[in-house]
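Architecture and fold: a report
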Amino acid sequence: MINHKQNHFELFGLPLRFELDLARLEQSYRGLQSRVHPDRFVQASDAERRSSMQASMRANEAYRILKHPLARACYLLELRRVDVQGESSAPMPPEFLERQMEWREAVEDAAARPEALTHLAQSLRGEIEANYAELARRLDSEGDVAHAADSVRRLMFLERLREEIGDALERADA
Amino acid sequence: MALLQISEPGMSRAPHQHRLAVGIDLGTTNSLVATMRSGIAVVLNDADGHALLPSIVRYSADGNTAVGYPAQSELARDPRNTIVSVKRFMGRGLKDVANAENCPYDFLDSPGMVQLRTCAGVKSPVEVSAEILRVLRARAEAALGGELVGAVITVPAYFDDAQRQATKDAGRLAGLNVLRLLNEPTAAAIAYGLDNAAEGVYAVFDLGGGTFDVSILRLSKGVFEVLATNGDPALGGDDFDHRVYCWVVEQARPAPLSDEDTRLLLTAAREAKEHLSYHAEARISARLGSGDLIDLTMTQKTFADVTRTLVQKTIAPARKALRDAGLTIEAVNGVVMVGGATRMPQIQQAVADLFKQAPLNNLDPDKVVALGAAIQADVLAGNRAAGDDWLLLDVNPLSLGLETMGGLVERVIARNSTIPVAKAQDFTTFKDGQTAMAIHVVQGERELVSGCRSLARFELRGIPPMAAGAARIRVTFQVDADGLLSVSAREATSGVEATVAVKPSYGLSDGEIARMLQDSIAHAADDAQARALNEQRVEANRMLESVTAALAADADLLTANELDAVKAALDQLGVAAAGSDRRAIMAALERVNKITEPFAARRMDRSIHRALAGKRLEDMRF
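Residues numbered from 1 in each chain as written. Chains lettered and ligands numbered in written order. Predicted model: local features only at pLDDT ≥ 70, side-chain atom pairs only at ≥ 80, totals over all residues.

1. So, the interface of chain B and chain A
The interface is formed by 20 residues belonging to chain B together with 18 residues belonging to chain A. Contributing elements (two or more residues each) for the side of chain B that touches chain A: helix 9 (315-325), helix 11 (368-380), strand 19 (391-393), strand 22 (421-427) and helix 12 (510-522) of chain B. (Contact = placed C-beta atoms within 7 Å. Helix = DSSP H or I, 4+ residues; strand = E, 2+ residues; numbered from the N terminus.)

Okay, structure coming up:
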């Protein structure tokens, strides 16, 4: 029903790059699901129903990965055989580790104060956006996968922090 | 020569023949059946013109079974054999049923699901539900004049795997071909969206008789995409009745009530609740078995006061669903109200306050789910021409995972993943020569197994003996379009395989399930600490085992003093690992690491030496 050998970009007919036309991705994903979704094969044979389910699962997984910039970047690096999490990767620069500590302390200090948390979330958003811009440059124009992997590791931390601030806000709201 | 084409019986059909399919809303309080007639979804009434079938089943000793209004009229007289709100027991053990002691039933705890002892024998909730479905099926076949090709049955979006499986089983037991289990808020969104040509982001707020769901959907030309769902599988209009009932008992202070009196007062409470949706006050009047008269008046204000905490319980799930969808309140174009309980003014007000807009009530909240299910059944039965149909993308409500060392959950499929979905995760063995692996499948949001619902346990056997960490066991989770899970495990090097369709065991109560997600936020910090502690313990045990094994093989490489020092360090590590101080375990681990360094180096030398002498390096594994 679909070619399972294609990579996620090929599956949706998209160029192999980080900066993506999200509207095109969504359109292509929906087009694909319209053809393969199990709802289209309720009356079909067992074999067809099975392959419909597999194709639909594949489309969902590929869409999930390409939709989120961090997952997309990891996937691109994986395609280029760069190990983001592996032990071979370079250690994080000490400034960033220090910055991590600062962020953590700031979140702890703001713990139950929604205004402080919201303020933190805002400045974090700025930092995250800057890092994504840098990541895009490194991946798409400079082809510098080693430094792109650094950006990804930074963003992993920052995104996790964003989650934690969200959790803290939810607790403060409840 | 052309071969004659022979269709299988029942498979052939004329090109434009309409295939009879229905949508069924199997509700806690009421059930309905609907179908498409000349392109319009309609609810099918019974011979007396009733659309709603009360979800009540009465068993008699003579073998007769009454369903709906005839059963309802016997409710106060024969509460023990007249089953109401059976949906609350679907896929649930006795421990899971909230307020079981207030139910007048003779419960029988049994593995997997609670059963009910009636004068007509022991009945499972699946059987009771099937009675309701059978009546709806007969109603539909009489109205449509033929046998049904299939049915779409709706379930609360927040139903877990056990509850979904039980619902599908009930459908099959009633002789229905279940085309799909459809989430109730999604069904409502289909009916609403098609009716209003709606586009944009919609929230569906569905408070039924016994369950609460909130779903966030994006509607755009031809696609209904669920972005996130949340809820409480044990919150509904019944709970509001119960609060009114408690208020009545508190005010009137009657002598201890019989089952019959309790049933009478609960019915009076429900009537008062319904009256208060449209009037400033309601009179509650009932003559008890003792002859005592209860006569009270409840105002809307009092009603709102005694149910305030229940209303509050709907707010957090709605907020969480929005957050999971990655949206703010401002992004929501409309809020569709579903379920009879949303008629209550305090609910309308709370929803308006939360979403900062008046909720949409232009479809009958009792019927909208059945109508949506009928529309989807029509599509699935193949009655729509290509291009005149739409795509429905739904999600799984709760995360699915596996138990790993130390009682931790390894999440395999995150909540709110679009279904169908498959995910594989690799695991390895913990001990040298381990030939079997226990696989424990859980559902929920907490990081510890004890906080999640246990769905199934199975074993992968026949793993060839290998060094710890060498086996590669790939566990694959698969959730189909009905939201039902199956799990398989395979060892990569040998191809040994084990598969289960998850027929869930019961574990947690409804309330606990609901709490799981709510607590997951509150306990995120506790969980993280418990997780870190457990990880250190696992690490400590691994170290103890491997050093002990190494000593058994090569203790001769150490001097007596060195050996004593290593043993002392191991003892300290053992003591630390039994305690709950993470830092102490870390320090003890560090000490063992340091003290065994020369030992490890000498073992390495020896193993290289032996390998060169023709022995296998693997035999020398540290």
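2. Things to note about the packing of helix 5 (residues 237-252) of chain B against helix 6 (residues 259-276) of chain B
Residue and element names in this part refer to chain B. The N-to-C vectors of helix 5 and helix 6 enclose an angle of 115°; their axes lie 8 Å apart at closest approach. The orientation of helix 5 relative to helix 6 falls into the category roughly perpendicular. Note that helix 5 runs across helix 6; the crossing there is right-handed. Counted together, Phe 240, Asp 241, Val 244, Tyr 245 and Val 248 of helix 5 and Leu 265, Leu 266, Ala 269, Arg 270, Ala 272 and Lys 273 of helix 6 form the full contact between these two elements. Along the lines of polarity and charge, the residues of the contact of helix 5 with helix 6 split into eight nonpolar, no polar and three charged. (Axes fitted to C-alpha atoms, helices over the stretch in contact; angles between N-to-C directions. Parallel < 35°, antiparallel > 145°, perpendicular 65-115°, else oblique. Left-handed = near helix turned anticlockwise from the far one by under 90°. Nonpolar A, V, L, I, M, F, W, Y, C, P; charged D, E, K, R; others polar.)

3. Focus on the packing of helix 5 (residues 94-110) of chain A against helix 7 (residues 145-173) of chain A
All names here are of chain A. Contact pair helix 5 / helix 7: the axes reach a minimum separation of 11 Å and the direction vectors enclose 5°. With respect to helix 7, the element helix 5 is oriented roughly parallel. Counted together, Phe 96, Gln 100, Trp 103 and Val 107 of helix 5 and Arg 154, Phe 157, Leu 161, Glu 164, Ile 165 and Ala 168 of helix 7 form the full contact between these two elements. A per-class count over the contact of helix 5 with helix 7 returns seven nonpolar, one polar and two charged.

4. Notes on the sheet that holds strand 5 (residues 56-59) of chain B
Residues and elements named next belong to chain B. Read from one edge of the open sheet, three strands run 6-5-7, paired in antiparallel fashion. Two strands close off the open sheet at either side, each with one partner strand: strand 6 (65-67) and strand 7 (82-84). With strand direction ignored, the average angle separating the axes of adjacent strands in the sheet is 15°. With three bridges connecting them, strand 5 and strand 6 associate as antiparallel partners. Pairing of Tyr 59 across the sheet is with Thr 65, part of strand 6. Each of strand 5, strand 6 and strand 7 touches helix 2 (residues 125-144); the most contacted strand, strand 6, lies at about 65° to it. (Pairing = 2+ DSSP bridges.)

5. Description of the domain arrangement of chain A
For chain A, the assigned domains are domain 1 (8-67) and domain 2 (94-173). Computed from C-alpha coordinates alone, the two centres of domain 1 of chain A and domain 2 of chain A are separated by 31 Å. (Domains from an automatic or database assignment.)

6. Structural notes on the confidence of the model for chain B
Residues and elements named next belong to chain B. When pLDDT is averaged across chain B, the result is 85; 89% of the residues are at 70 or more. This stretch, residues 1-15, has a pLDDT under 50; its non-local contacts, to residues over four places away or in other chains, come to one contact. Confidence drops under pLDDT 50 across residues 614-622; counting only partners more than four residues distant or on other chains, this segment forms eleven contacts. (pLDDT = per-residue confidence, 0-100.)

7. Details of the environment of Met1(A)
Residues and elements named next belong to chain A. As for its placement among the helices and strands, Met 1 is situated in the segment before helix 1 (8-11). Classification of Met 1 by C-beta neighbours within 10 Å gives partly exposed; the count is 17. Between the alpha carbons of Met 1 and Ala 55 there is a distance of 6.5 Å; along the sequence they are 54 residues apart. Setting aside residues no more than four positions away along its own chain, Met 1 makes contact with Val 36, Ser 51, Ser 52 and Ala 55. (Buried ≥ 20, exposed ≤ 12 C-beta atoms within 10 Å, placed from the backbone.)

8. Here's the deal with helix 14 (residues 560-578) of chain B
All names here are of chain B. The end-to-end C-alpha distance of helix 14, which contains 19 residues, comes to 27 Å, matching closely the 27 Å that a straight helix rising 1.5 Å per residue would cover. Turning to helix 14, its buried residues number three or more, namely Val 566, Ala 569, Leu 570, Leu 573, Ala 576 and Ala 577. Angularly, the buried residues of helix 14 cover 125° about the axis, an arc narrow enough to put them on a single face. Among the exposed residues of helix 14, those oriented more than 90 degrees off its buried face are Ala 560, Asn 561, Asp 564, Asp 571, Val 575 and Ala 578. (Expected span 1.5 Å × (residues − 1). Arc of directions from axis to C-beta.)

9. Details of the domain arrangement of chain B
It is common to give the size of an interface as the accessible area that goes away when the parts come together. On domain assignment, one finds that chain B holds domain 1 (21-235 + 313-393), domain 2 (237-310), domain 3 (400-520) and domain 4 (525-620). Computed over C-alpha atoms, the centres of domain 1 of chain B and domain 3 of chain B are 29 Å apart.

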